[in-house]
There are 2 protein chains.
Amino acid sequence: MYRTNNCGELRLNDINKEVTLSGWIQKVRKLGGMTFVDLRDRYGITQLVFNEETNAELSEEAQKLGREFVIKIKGTVAERSNKNPELPTGDIEIAVRNLEILSKSEVPPFTIENETDGGEEIRLKYRYLDLRRPVVQKGLILRHKTAQEIRNFLSNKGFLEIETPFLIKSTPEGARDFVVPSRMSEGKFYALPQSPQVFKQLLMIGGYDKYFQITKCFRDEDFRADRQPEFTQIDCEMSFVEREDILSVFEEMTKHLFKTVKNIDFKEAFPRIKYDDAIENYGSDKPDIRFEMKIHNISEIVKNKGFKIFNDAEYIGAICAEGLANYSRKQLDKLVDFVKRPQIGAKGLVYVKYNEDGTFKSSVDKFYSQDDLKTWADKLSAKPGDLLLVMSGNKKETLTQLGELRLEMGERSGLRDKNKFAPLWIIDFPLFEKDEETGQLHAMHHPFTSPKTEDTELLETNPDAIKADAYDLVINGNEIGGGSVRIHTVEMQEKMFKHLGFTKEEAEEQFGFLMNAFKYGAPPHGGIAFGFDRWVALFNGSDSIRDVMAFPKNNAGRDLMIDAPSEIDKLQLDDLHLKIVKK
Amino acid sequence: MYRTNNCGELRLNDINKEVTLSGWIQKVRKLGGMTFVDLRDRYGITQLVFNEETNAELSEEAQKLGREFVIKIKGTVAERSNKNPELPTGDIEIAVRNLEILSKSEVPPFTIENETDGGEEIRLKYRYLDLRRPVVQKGLILRHKTAQEIRNFLSNKGFLEIETPFLIKSTPEGARDFVVPSRMSEGKFYALPQSPQVFKQLLMIGGYDKYFQITKCFRDEDFRADRQPEFTQIDCEMSFVEREDILSVFEEMTKHLFKTVKNIDFKEAFPRIKYDDAIENYGSDKPDIRFEMKIHNISEIVKNKGFKIFNDAEYIGAICAEGLANYSRKQLDKLVDFVKRPQIGAKGLVYVKYNEDGTFKSSVDKFYSQDDLKTWADKLSAKPGDLLLVMSGNKKETLTQLGELRLEMGERSGLRDKNKFAPLWIIDFPLFEKDEETGQLHAMHHPFTSPKTEDTELLETNPDAIKADAYDLVINGNEIGGGSVRIHTVEMQEKMFKHLGFTKEEAEEQFGFLMNAFKYGAPPHGGIAFGFDRWVALFNGSDSIRDVMAFPKNNAGRDLMIDAPSEIDKLQLDDLHLKIVKK
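Computed from a predicted model, the values in this text were never measured in an experiment.

Caption draft 1: Just the domain arrangement of chain A, in detail. As far as domains go, chain A holds domain 1 (12-103), domain 2 (136-272 + 422-571) and domain 3 (291-412). Its C-alpha centre places domain 2 of chain A at a distance of 38 Å from the equivalent point of domain 3 of chain A.

Structure, rendered in structure tokens:
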């Protein structure tokens, strides 16, 4: 037997117990004739003590133990004279009688502690060592607990978890598909799913009524910060439902997770913000509403005062950063640099300081009087001591830029507390996005999204104006989930494909089996999918989803630990009927 | 709102309730002025009734409803005059006031009933219709429930479900790997996991202690009956454990599943049978012990009586089929044909009828006296009325053939009842298998399996004789799970690779990261993996795992519904740096 107890559970009332423990060596210290060893496992740390006087030989062995050795000891639980209130086991120690080295360790390439000296590359290469750090274990334990709570909640609601296939069909629009060559069918490929979307709709047509799945999805994208080629989705679908039924179940699930995983009680209904309002007020369809600082349209009151840039602008908007009127010239310059970064791409920024004495100082004093600036301040309900930040230009772009600036100012003002959570629903998305260059309509969510019933007529007359029966769950500026009521008749789906510029053949080729399924009695249905990695990262206070994945890839899609992707055998290539074409 | 109730829940005490139901049309019958409609969803069937007298127009509409139309109705729950005791809802019907067709259906290509007229090919092509059959739904619901019970059981035991990656590294021995070409790394490939084996070992090295995962695995095999290229595994691993700790947890889990899913109580410990004994007594390492009919070695008592075949044979074995002495010549001939089939490959079969009158009739009467045959019968504890079946030859092959014959006789005698379950552990597997031709040793389980501690010394002297610390869970002749205590030191793992004929370079190339991980303090660990599909099929009484998968592929690895694998774009191939080589 390797242990009677783990390293996190012994307490004062275990004193005098004979115990066996196993674990990793965290630290060895010698103090006079005593040698203290911290023994670690995923449950905690227990102090072992070796006394030179009572057993010199054992004590000497203990001093030779290196960091990360795995040992097994037998001994007696004793009260510590020097208690450590920071450790749950800090009142006791084990007087060791017997020591066995189970396996040795070379000196690890970085320290196995929450604050480690290892950079990300080396930690990914030695991920099995990184995984030992308590902070990483905490994230994966949280992930497990969250998944369990989701499964139990949905199962209790009558949802069935049903596995959909991983080896599916590539679609011509599937530039982002990972493909898998078939050995048995020469020149043919499977594709890995970007999501189980079509399969969950087929399950609804198959009568399964309430489906969910926590499953891996795959997307072969050019890597961006914090994207992974494989990621985990909580995929859900229901039949015989309207939007309200769906939002109701998943708002309840979200509250359940907040309660059981984070011990946070959301009593009120989540705010619902229409897409158009979110863009107008927050410059984003995933607004962070932990703080106010709304965007105000001040186009009407700033024009015709001789300032050409504003006069020519389609839109002028402003935000009010409370209490920041004392920003220095240098700080303001840095803000200008911030909005001019290519990621944001603004041309500039106008500031108005509402000084404590009631006067105004702005970068456009040449054009606007103190009274003018007072009007702006009033429009934004600003107080003395506040700082107004104004941007102008094309409406859509300017709102996005103001949205980014708003987040930055929220961050600087400490308004984006990781321990505070502000969930909301964004509803009434546009059904289509228009390609600015070609004028071609694209589905904003995906081609199976239903238009809102009251907008259906607009399909023939004014498709741009149609709202979709689609919704996103947003928490703290992150899109955590998104879904829609789906189209469930062949007629509507065909219309939709036509608007999206599919020929009949293309639609048949790509979605023939779904269209075919619609012919045999499809129930009204709808659903939602959540980004599980992002949700757990948010719960865990992590900036990156890599922190809550056991074996993440780096930003270039490589697994540094196992060194993948890698070359394969010529023989295997032959079996797959493939040849590599070097460029 | 689409429904106040589902189609399986209304009862007598709901009478006079106003309800809204939605579902599929199972059947429409006209009886005089009344039209009866069976409305179906996954919860059951409810009878709707339309009365020509009270509403002629609605009644006419109802008569036009076709099979599998999706409708929504409003009406009042009424007591049926003609109750149907076979339906849980058979005491009531709905007097319909309002009918809405939600979507129409063409005539389905087969009947949506438990006993369908559709062959397998067409049911796979229209799998979304096949999925509507209650018997299929029952299987998937059972699958969901089993998965939930596994997750809850293991979570309660402190196991963490941790997701391991799908895009991993191909290994040169990985002829069975599916590979995924990388777009970003020219000429390189990921591989899909055949199992998370190495990752779960790395998790143990990472300190996770108790891990499980219900996850998809992939194997690119030439298709055999009832194999799927993607399948689901319950993968488990524990640290600081010996074999006994592992068997104890998973025997408890197995009993928990039998209890909660099948309502069967196993009070006794599962039998444990040594590999050698299983082969000797059942001719199989996955014996079906629902019935006895053990194989008996009768080599000693049948030789030297002038029957050359037996005299020359390494081994002669027999089974006793109770009560089958009345088998006709024709039936016996068919048994001979059975053992001569290429799948079994025996040369022949000797029978001995132990007649009710105490005499014997055998196919070797020329060589053996009644007394001789009585000795055989006594050896097998046969009674008058029993049939002895005897086979001879090379010991290993003959035992396997007798094992197959035993299963066949069990089947014929009705001893393999689908509702009876006989779980057991097979233990003490050989560590190695020897390639008969080359003499090269192969790992019987996999190269990470630890030899039994007491056998370790034999590694240098007599590796053939070493037993592994490996075990299988067998139920009703199916290998449901298998696992082992693992090697956890570099030294032992290197020795193992050497015996398996790996060069140092090959071992480094394929398992370098695991060997490297062993250098940093690996705990003793071990685990098990279960075939989830097979387990659910067994619980469901299904012969094929396809019956309990939502979207299975056919025996040639094709998804007939979505038509995969399929061709991909030339552009996409270019992106992947690949060219197809036609043969």
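Caption draft 2: Here's a closer look at the interface of chain A and chain B. Taken residue by residue, the interface counts 123 residues in chain A and 123 residues in chain B. Both sides of the chain A and chain B interface together cover about 11100 Å² of buried area, and 57% of this is carbon and sulfur. Among the residues chain A hides against chain B, the three largest losses belong to Glu163(A), Phe240(A) and Tyr520(A). Together they make up 7% of the total. Between chain A and chain B we count 10 salt bridges in total. A salt bridge links Arg151(A) to Glu161(B), with the shortest nitrogen-to-oxygen separation between them at 3.6 Å. The tally of links between chain A and chain B comes to 66 residue pairs in polar contact (both at pLDDT 80 or more). When residues of the side of chain A that touches chain B are assigned to their parent elements, the largest contribution, 10 residues, is made by helix H4 (residues 134-156) of chain A.

Caption draft 3: Spatial organisation of the nonpolar core. Formed by 129 residues in total, the largest nonpolar core has its most connected members in Leu202(A) and Leu202(B). Ignoring sequence-local partners within four residues, the contact set of Leu202(B) consists of Tyr128(A), Phe551(A), Met561(A), Phe513(B), Leu514(B) and Ala517(B).

Caption draft 4: Quick peek at unusual backbone geometry. Residue and element names in this part refer to chain A. In this model, alanine 564 is joined to proline 565 through a cis peptide bond whose omega is 0 degrees. Not every positive phi belongs to a glycine, and asparagine 16 is a case in point at roughly 80 degrees. Note on placement: asparagine 16 falls in the segment before strand S1 (18-31). In the Ramachandran plot, asparagine 304 falls in the positive-phi region, its phi being about 60 degrees despite a non-glycine side chain. In this structure, asparagine 304 sits in the loop between helix H8 (299-302) and helix H9 (308-312).

Caption draft 5: Local environment of the relation of the copies chain A and chain B. When chain A is fitted onto chain B, the two copies agree to an RMSD of 0.0 Å after a turn of 180 degrees and an axial shift of 0.0 Å. Classification of the inter-copy transformation places it as that of a two-fold axis. A symmetric contact is evident, with 100% of the interface residues of chain A recurring at the interface of chain B.

Caption draft 6: Region of interest: the packing of helix H7 (residues 275-282) of chain A against helix H12 (residues 395-412) of chain A. All names here are of chain A. Following both chains from N to C, one finds H7 and H12 inclined at 65 degrees, their axes separated by 8 Å at the closest point. Classified by the angle their axes make, H7 and H12 are roughly perpendicular. Counted together, Ile279, Glu280 and Tyr282 of H7 and Lys395, Leu399, Gly403 and Arg406 of H12 form the full contact between these two elements. Of the residues assigned to the contact of H7 with H12, the class counts are three nonpolar, one polar and three charged.

Caption draft 7: Up close: the packing of aromatic side chains. Following the criterion strictly, the structure yields 60 aromatic pairs over all chains and no others. Taking the centre distance of 4.3 Å and the plane angle of 25 degrees together, the rings of Tyr354(A) and Phe360(A) count as stacked. With 5.8 Å between their ring centres and 80 degrees between their planes, Tyr520(A) and Tyr126(B) make a pair best called edge-to-face. With Tyr520(A) in the loop between helix H15 (504-518) and strand S22 (525-531) and Tyr126(B) in the loop between helix H2 (120-125) and helix H3 (127-130), this pair bridges two chains. As far as the burial class goes, Tyr520(A) and Tyr126(B) line up, both buried. Through a chain of ring-to-ring contacts, three or more aromatic side chains come together here, namely Phe159(A), Phe250(A), Phe258(A), Phe266(A), Phe270(A), Phe421(A), Phe530(A), Trp535(A) and Phe539(A). Here Lys125(A) stacks its cationic end above the ring of Tyr126(A), 5.7 Å away from the centre of that ring.

Cut-off values and rules
- Residues numbered from 1 in each chain as written.
- Chains lettered and ligands numbered in written order.
- Predicted model: local features only at pLDDT ≥ 70, side-chain atom pairs only at ≥ 80, totals over all residues.
- Heavy atoms only, no water.
- Domains from an automatic or database assignment.
- Contact = heavy atoms within 4.5 Å.
- Buried area = accessible area lost by both parts, 1.4 Å probe.
- Salt bridge = Lys/Arg side-chain N within 4 Å of Asp/Glu carboxyl O.
- Polar contact = N/O pair within 3.5 Å; in protein donor to acceptor, adjacent residues only side chain to side chain.
- Helix = DSSP H or I, 4+ residues; strand = E, 2+ residues; numbered from the N terminus.
- Core = buried A, V, L, I, M, F, W, Y, C linked by side-chain atoms within 4.5 Å.
- Buried < 20%, exposed > 50% of the residue type's maximum accessible area, 1.4 Å probe, protein only.
- Least-squares fit on C-alpha atoms with pLDDT ≥ 70 in both.
- Axes fitted to C-alpha atoms, helices over the stretch in contact; angles between N-to-C directions.
- Parallel < 35°, antiparallel > 145°, perpendicular 65-115°, else oblique.
- Nonpolar A, V, L, I, M, F, W, Y, C, P; charged D, E, K, R; others polar.
- Phe/Tyr/Trp six-rings, centres within 6.5 Å; stacked < 30°, edge-to-face > 60°.
- Lys NZ or Arg CZ within 6 Å of the ring centre and 35° of its normal.

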